[in-house]
Amino acid sequence: ETGVTQTPRHLVMGMTNKKSLKCEQHLGHNAMYWYKQSAKKPLELMFVYNFKEQTENNSVPSRFSPECPNSSHLFLHLHTLQPEDSALYLCASSQDDPMFSGRAGIFGPGTRLTVL
Amino acid sequence: EDQVTQSPEALRLQEGESSSLNCSYTVSGLRGLFWYRQDPGKGPEFLFTLYSAGEEKEKERLKATLTKKESFLHITAPKPEDSATYLCAVQGDYKLSFGAGTTVTVRA
């Protein structure tokens, strides 16, 4: 399989649940990202990993916890979320950090998260 | 502070009616401007990267241009399958910033 894949595609969870989102890229890229997309708002960059090291955390609440075990896989662990966290969560990857290369990221299809 | 503004917010076109989308930006040190297409319920699909003022890129009915303050995405003779939300993003010296997008609807 090629490109960036995300699982699950849809997730409904209660505020007390713990769940994880998974992202896998088959492009040989070194940088991976988590974004949040809410209706009518610009994409919000949450986390950046470059060569498995977290290089950016944009003031994201601690109820979101990322994990990058290797350069092909990225997880977002979720716990005690709030209804306002309902959104489309997008994973992306790029050859290297666009800050240094100016190269665009390739996005996965996203996980539609609903918090009840 | 880096800022990206897209206009209009929504655009309704008749099939064959050409138009342009605008992406205005302020950024400290432009390293790249990106255009993406996003269909409902899907992730953004990469279209173009522009690096410097005067640069142009084309793909089928789409043409992207760049000046020092803004970028345009021209849609020539659009078809219903061009209906989507078009996102603009700017990579500056310190961060990558996205616009809120322009939703284009092309009627047959």
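A brief structural summary. Everything quoted here is computed from the prediction, not taken from an experiment.

Moving on: the pattern of salt bridges. Residues and elements named next belong to chain B. Counted by the stated rule, this structure contains six salt bridges over all chains. The salt bridge involving Asp93 is made with Arg31; its shortest N-O contact spans 3.1 Å. Note that Asp93 is positioned in the loop between strand S9 (84–91) and strand S10 (96–98) and Arg31 in the loop between strand S3 (19–26) and strand S4 (32–38), a separation of 62 residues in sequence. A salt bridge links Arg61 to Asp82, with the shortest nitrogen-to-oxygen separation between them at 2.8 Å. Placement of Arg61 in the loop between strand S6 (56–59) and strand S7 (62–66) and of Asp82 in the loop between strand S8 (70–75) and S9 is noted, with a sequence separation of 21 residues between them. Residue classification places Asp82 among the buried residues on the basis of a relative accessible area of 6%.

Attention now goes to the packing of aromatic side chains. Taken as a whole and judged by the stated rule, the model has eight aromatic pairs over all chains. When the ring of Tyr35 of chain A is compared with that of Phe98 of chain B, the centres are 5.6 Å apart and the planes differ by 80 degrees; the resulting orientation is edge-to-face. You can see Tyr35 of chain A sitting in strand S4 (residues 31–37) and its partner Phe98 of chain B sitting in strand S10, one on each of two chains. Looking at Tyr35 of chain A, the relative accessible area reads 3%, which means it is buried. For the pair Phe107 of chain A and Phe98 of chain B, a centre-to-centre distance of 6.2 Å together with 80 degrees between the ring planes defines the contact as edge-to-face. With Phe107 of chain A in strand S10 (residues 106–107) and Phe98 of chain B in strand S10, this residue pair bridges two chains. There is no split in this pair, since Phe107 of chain A and Phe98 of chain B are both buried.

Attention shifts here to the sheet that holds strand S8 (residues 73–79) of chain A. Residue and element names in this part refer to chain A. With antiparallel pairing, four strands are arranged side by side in an open sheet as S1-S3-S8-S7. In this open sheet, the two edge strands, each paired with only one partner strand, are strand S1 (4–7) and strand S7 (64–70). Strand-to-strand twist of the sheet, defined as the mean angle between neighbouring strand axes without regard to direction, takes the value 20 degrees. By the bridge criterion, seven bridges tie strand S3 (residues 18–25) to S8 in an arrangement that is antiparallel. Bridged to Glu24 within S8 is His73.

What counts as what
- Residues numbered from 1 in each chain as written.
- Chains lettered and ligands numbered in written order.
- Predicted model: local features only at pLDDT ≥ 70, side-chain atom pairs only at ≥ 80, totals over all residues.
- Heavy atoms only, no water.
- Salt bridge = Lys/Arg side-chain N within 4 Å of Asp/Glu carboxyl O.
- Helix = DSSP H or I, 4+ residues; strand = E, 2+ residues; numbered from the N terminus.
- Buried < 20%, exposed > 50% of the residue type's maximum accessible area, 1.4 Å probe, protein only.
- Phe/Tyr/Trp six-rings, centres within 6.5 Å; stacked < 30°, edge-to-face > 60°.
- Pairing = 2+ DSSP bridges.
- Axes fitted to C-alpha atoms, helices over the stretch in contact; angles between N-to-C directions.

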